[in-house]
Amino acid sequence: MRKIAPNAVRQPANLSIDSQLMAEAKGLNVNVSRAAEAGIAEAVAAEKTRLWKLENRATMVAWNDYVDKHGIPLAEHRQF
């Protein structure tokens, strides 16, 4: 998971959040801004991963086909 810099420049944002969830978070002294930021960072990382897999799917399929046909390169030098 991406670390969020505590001194990063922050931008105000308007969010709509379930009122019960917000009350519970405040009652538990949860820093809602930081929690939202962490959730957004996690969503961004997941989407970047999904897009990378889509963009590189053909290469991964080709590599797996190569390994299926020819084995792992330099496998004879593996010590495990």
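Note: the structure precedes this text.
Per chain, residues are indexed from 1 in the order of the written sequence. Local features in this predicted model are restricted to residues of pLDDT 70 or higher, and side-chain atom pairs are both shown and tallied only at a pLDDT of 80 or more, whereas totals for entire chains, interfaces and linings draw on every residue. Computation of side-chain values: all heavy atoms of the structure, hydrogens and water removed.

K.L.:
I tried to follow the environment of Ala-13 on my own but got confused; where do I start?
P.N.:
Structurally, Ala-13 is set in the segment before helix 1 (19-27). By relative accessible area, which is 59% here, Ala-13 ends up exposed. Taking the C-alpha atoms as reference, Ala-13 lies 9.5 Å from Ser-33; in sequence the two are 20 residues apart. Put simply, DSSP H or I for four residues or longer makes a helix, DSSP E for two residues or longer makes a strand, and each gets a number counted from the N terminus. Only protein chains enter the accessibility calculation, which uses a 1.4 Å probe. A residue is then buried if its area is under 20% of the maximum for its type, exposed if over 50%, and partly exposed in between.

K.L.:
It is not clear to me how the layout of surface pockets should be interpreted in this structure. Could you clarify?
P.N.:
In this approach the atoms are scanned with a rolling probe the size of a water molecule, which exposes any empty space left behind. A pocket, in this scheme, is an open set of points on a 1 Å grid over the protein atoms alone with protein on both sides within 12 Å along at least 5 of 7 lines, while a cavity is a set where a 1.4 Å probe fits but cannot get out; residues line either one if an atom lies within 4 Å of a point. Grid points are joined across faces, edges and corners, and a volume is the space filled by probe spheres set on the points. Reported here for the largest pocket is a volume of approximately 410 Å³. In terms of lining residues, the largest pocket is bounded by 17 residues, among which Arg-10, Gln-11, Ala-13, Ser-33 and Glu-37 are the most central. Residue contributions to the lining of the largest pocket peak at 6 residues, all from helix 2 (residues 32-55). Gly falls in the polar group here, along with every residue not listed as nonpolar (Ala, Val, Leu, Ile, Met, Phe, Trp, Tyr, Cys, Pro) or charged (Asp, Glu, Lys, Arg). Here the residues of the lining of the largest pocket are counted per class, giving 11 nonpolar, 2 polar and 4 charged.

K.L.:
I keep staring at the pattern of salt bridges and nothing clicks. Help me out?
P.N.:
Put simply, a salt bridge is a Lys or Arg side-chain nitrogen that is within 4 Å of an Asp or Glu carboxyl oxygen. The final tally for this structure, using the stated rule, is 2 salt bridges. With its nearest N and O atoms 2.7 Å apart, the salt bridge here joins Arg-50 to Glu-47. Here Arg-50 and its partner Glu-47 are both found in helix 2, 3 residues apart, which amounts to about one turn of the helix.

K.L.:
Would you mind going over the environment of Ala-25 with me for this structure?
P.N.:
Relative to the assigned elements, Ala-25 resides in helix 1. The buried category is assigned to Ala-25, whose relative accessible area is 15%. Separated by 12 residues in the primary sequence, Ala-25 and Glu-37 have C-alpha atoms spaced 14 Å apart. Leaving out residues up to four positions away in the same chain, Ala-25 has contacts with Val-30 and Val-32. A contact between two residues is defined here by any heavy atoms of the two lying within 4.5 Å.

K.L.:
Sorry if this is basic, but what is going on with the packing of aromatic side chains here?
P.N.:
Two aromatic rings are characterised by how far apart their centres lie and by the angle between their planes. By convention, a stacked pair of Phe, Tyr or Trp rings (six-membered ring in the case of Trp) has centres within 6.5 Å and planes under 30 degrees apart, an edge-to-face pair has planes over 60 apart, and any other such pair is tilted. The final tally for this structure, using the stated rule, is 1 aromatic pair. Ring centres 5.6 Å apart and planes at 15° place the aromatic pair Trp-63 and Tyr-66 in the stacked group. In this pair, Trp-63 and Tyr-66 both sit in helix 3 (residues 57-70), 3 residues apart, roughly one turn of the helix. With relative accessibility at 39%, the residue Tyr-66 sits in the partly exposed group.

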